[in-house]
Amino acid sequence: MFHLVTGGSGSGKSAFAEGVVCQYARECAGDLFYIATMMPFGEETERKIKRHRRMRADKGFQTIECYTGLEQMAEQGSGDCPGWGNAFHPCVLLECMSNLTANEIYQSESSRKDAAERIIRGVVALRRKCSHLVIVTNEVCSECTRDSEEMQLYKRVLAEINVRLAQMADAVTEVVYGIPVMWKAPASDDQGRAVSSEKTGNSTQIVAAFQTATNQSVTNQSAVNQSAADQSAITGNRKGVPGMKLVIGGAHQGKREYAKRKYGGIEPAEFQWVDGKSCSFEAVYSCGGIYHFELLMKRMMKAGEDTSHLASRIAEKNPDIVIVSTEIGYGLVPVDAFDREYREQTGRVCTQLAELSSRVDRVVCGIGVTLKGE
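Keep in mind that this is a model prediction, so the values were computed, not measured.

(A) Main features of the overall build of the protein. Helix and strand content of the protein: 13 helices and 16 strands. Relative to its 374 residues, the protein shows a buried fraction of 50%. Look at the contacts in the protein between residues 6 or more apart in sequence, and 71% of them connect residues 24 or more apart. Within the structure as shown, the protein displays about 17,600 Å² of accessible surface, and the carbon and sulfur contribution to it stands at 49%.

This is how it looks when you write it as C-alpha cells:
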C-alpha cells in the first residue's frame, strides 16, 4: 500500500500519517521505519525535529536520516540504521517530501533539472522494498505572492512530484485541521480489507474499508463534490445541532455569508458577530460568532498572549460559538520567523477547535461541504 498524505502547516497531517503507518505495521506485524528528510538548520528546525521525535517516541520507529539520494538509501541502506537491510515487512513513513525536494534542488551535487526524476526513482525503489509506504508532503502553490526564480523552480518541481506521487499512490488524503479528506481511495477485497489496486470501486465501500483498516474518520471527497442543489442534504441546519461550529476555507470564498446563512445572525440584533481584526481578546468568550479568527490569532501572538490553550478555553466559556477562519497554512513557508510561527500555531489551534467542534464546514466558491458532524 502506498498512501500519500498532504495538508497545510499545523494541520495534523504528521499525526495522521503516523497513525496510518502504525496501523499498517500492526496488520502485517512489520518493522516500522521513519525516513527523516529535514536538515537541522538552526534552533527553529531543531525544535521541529525534537517535536516530531516526541510524537513518534515509544511507537517502535527506527529512524533513517536521508537528506538526499533516496534511491541509493532505499537500495543500499543506511549506516545509521542497520535494521534496514534485513527488515521484516518494512512499513515506512517518509516525512516530508517538501524538505527532500528542497534538499535535492539546493543541497545536492547533482543537476537541479533532474531533481524530480531522482526523487521519483527513489520512491519507486522504496516501494519495491516496502510492504507499506506513507509519504507526507505539502501543497505549496495555493498563494498568489510574487516569487523569486528560485522559489518558482521549487514550486514547479514539488508540484510535479506531488502530481506524480498521487498518480502512483493507492490512497491520497488531505488532512484539514485534523480531519482526513480522502481524494483517492484504496480498493478493497472480498473481506472488506483495504488493498493495493489500480481499479476504482464503489466509493462508499472503499471509504468503509479504509476506515476499518486505519480506525480513522474520513471524509470521502468524491461523495461530497455535489452540485449546489444537493448541499442541503449534507449540511442540514443549526436547529437541533448544539455545540461549537467551525467554518473554514480560503480567502474570499464566502465563508462569513455561509456561516450567517447556516447558523443565524443575519440581523445583528439576533446574533452578535465580532471581527477578529479589531475585537477585544475577551470578546471571543462571549460573542455568538467571530469571523477573521486567524487575525485574532495574529493580534494575540503579537501581543505575547499564550494561545496554546485558547481552543479549550473557548470551548469551555463559549461552547455554542460559530468560528469563521481562513486557512493560512498552504503555500511556501514564510521567510519571516514570526509569520512562520503564526501560520503553524494558527493551524494547531484550528486543529484543536475542529476536534472540539460539533460540526466543521469547508467553503469553496460559496458552497459549503461538511467535513465533520451532521
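(B) A look at the pattern of salt bridges. The full count for this structure, using the stated rule, is eleven salt bridges. Among the salt bridges present, the one from Glu18 reaches Lys59, with a minimum N-O distance of 2.8 Å. Here Glu18 is found in helix α1 (residues 13–28), whereas its partner Lys59 is found in the loop between α2 (42–56) and β3 (61–65), with 41 residues between them in sequence.

(C) Main features of the sheet that holds strand β11 (residues 245–249). With mixed pairing, six strands are arranged side by side in an open sheet as β12-β13-β14-β11-β15-β16. Here the strands that pair on one side only, and so sit at the sheet edges, are β12 (273–275) and β16 (367–372). Here the strands of the sheet are splayed against their neighbours by 20 degrees on average, with no regard to which way each runs. Both β11 and strand β15 (residues 359–364) contribute to a ladder of five bridges, which runs parallel. In the strand pairing of β15, Leu246 is matched with Val360.

(D) Local environment of the side chain of Asn138. Assignment of secondary structure puts Asn138 in the loop between β5 (132–136) and α6 (149–168). Here Asn138 falls in the buried class, since its relative accessible area comes to 16%. Polar side-chain contacts of Asn138 include one of 3.2 Å to the side chain of Lys13. With residues up to four places along the chain from it excluded, the contact list for Asn138 reads Thr6, Gly7, Lys13, Cys96, Ser98, Leu158 and Asn162.

(E) Region of interest: empty space enclosed by the protein. Summed over all chains, the structure comprises one cavity of 30 Å³ or more. Of the voids in this model, the largest cavity is the one considered here, and its volume is about 60 Å³. Around the largest cavity, the lining residues are Gly8, Ser9, Ser11, Val176, Tyr177, Glu327, Ile328, Gly329, Tyr330, Arg343, Thr346 and Gly347. A per-element tally of the lining of the largest cavity places helix α13 (residues 337–356) first, with three residues. Classifying every residue of the lining of the largest cavity gives four nonpolar, six polar and two charged.

(F) Here's a closer look at α13. Taking 1.5 Å of rise per residue, the 20 residues of α13 would be expected to cover 28 Å, and the 29 Å separating its terminal C-alpha atoms lies within 8% of that figure. Arg340, Tyr342, Arg343, Glu344, Gln345, Thr346, Gly347, Val349, Cys350, Thr351, Leu353 and Ala354 are the residues of α13 that are buried. Backbone nitrogen of Phe338 and a side-chain oxygen of the N-cap are separated by 3.0 Å at the start of α13; the cap is Asp336.

(G) Up close: the nonpolar core. In terms of nonpolar packing, the biggest core is built from 37 residues, with Ile35, Leu70, Met97, Val123, Leu126, Ile135 and Leu165 touching the most fellow members. Listing elements by their share of this core, those giving two or more residues are β1 (2–7), β2 (32–36), α3 (70–76), β4 (91–95), α4 (97–106), α5 (115–129), β5 and α6. Membership of the second largest hydrophobic core comes to 33 residues, among which are Met244, Tyr285, Met300 and Leu353.

(H) Geometry of the confidence of the model for the protein. Here the protein averages 82 in pLDDT, while 80% of its residues score no lower than 70. Per-residue pLDDT stays below 50 along residues 191–210; that stretch engages in 38 contacts with residues further than four places along the chain or on separate chains. Overall, residues 222–241 carries pLDDT values under 50, and its contacts beyond four positions in sequence, including any with other chains, amount to 32 contacts.

(I) The layout of surface pockets, seen in detail. The computed volume of the second largest pocket comes to approximately 400 Å³. Forming the boundary of the second largest pocket are 17 residues, of which Arg47, Glu341, Glu344, Gln345 and Arg348 lie nearest the centre. Taken together, the elements giving at least two residues each to the lining of the second largest pocket come down to α2 and α13. Take the lining of the second largest pocket: its biggest share by element is seven residues, from α13. Across the lining of the second largest pocket, the residue classes tally to three nonpolar, three polar and eleven charged.

(J) Region of the structure containing the packing of α4 against α5. Where α4 contacts α5, the two axes come as close as 9 Å, and the packing angle between them is 130 degrees. One element, α4, and the other, α5, form an angle in the oblique class. Crossing hand, α4 versus α5: right-handed. Residues Met97, Leu100, Thr101, Glu104 and Ile105 of α4 form the contact with α5, whose own contacting residues are Ala115, Arg118, Ile119 and Val123. When its residues are assigned to classes, the contact of α4 with α5 shows six nonpolar, one polar and two charged.

Procedures and definitions
Residues numbered from 1 in each chain as written. Predicted model: local features only at pLDDT ≥ 70, side-chain atom pairs only at ≥ 80, totals over all residues. Heavy atoms only, no water. Helix = DSSP H or I, 4+ residues; strand = E, 2+ residues; numbered from the N terminus. Buried < 20%, exposed > 50% of the residue type's maximum accessible area, 1.4 Å probe, protein only. Contact = heavy atoms within 4.5 Å. Areas by Shrake-Rupley, 256 points an atom, 1.4 Å probe, with all protein chains shown as cover. Salt bridge = Lys/Arg side-chain N within 4 Å of Asp/Glu carboxyl O. Pairing = 2+ DSSP bridges. Axes fitted to C-alpha atoms, helices over the stretch in contact; angles between N-to-C directions. Polar contact = N/O pair within 3.5 Å; in protein donor to acceptor, adjacent residues only side chain to side chain. 1 Å grid on protein atoms, 1.4 Å probe; cavity = no way out; pocket = protein on both sides within 12 Å on 5 of 7 lines; lining within 4 Å. Points joined across faces, edges and corners; volume = space filled by probe spheres on them. Nonpolar A, V, L, I, M, F, W, Y, C, P; charged D, E, K, R; others polar. Expected span 1.5 Å × (residues − 1). Core = buried A, V, L, I, M, F, W, Y, C linked by side-chain atoms within 4.5 Å. pLDDT = per-residue confidence, 0-100. Parallel < 35°, antiparallel > 145°, perpendicular 65-115°, else oblique. Left-handed = near helix turned anticlockwise from the far one by under 90°.

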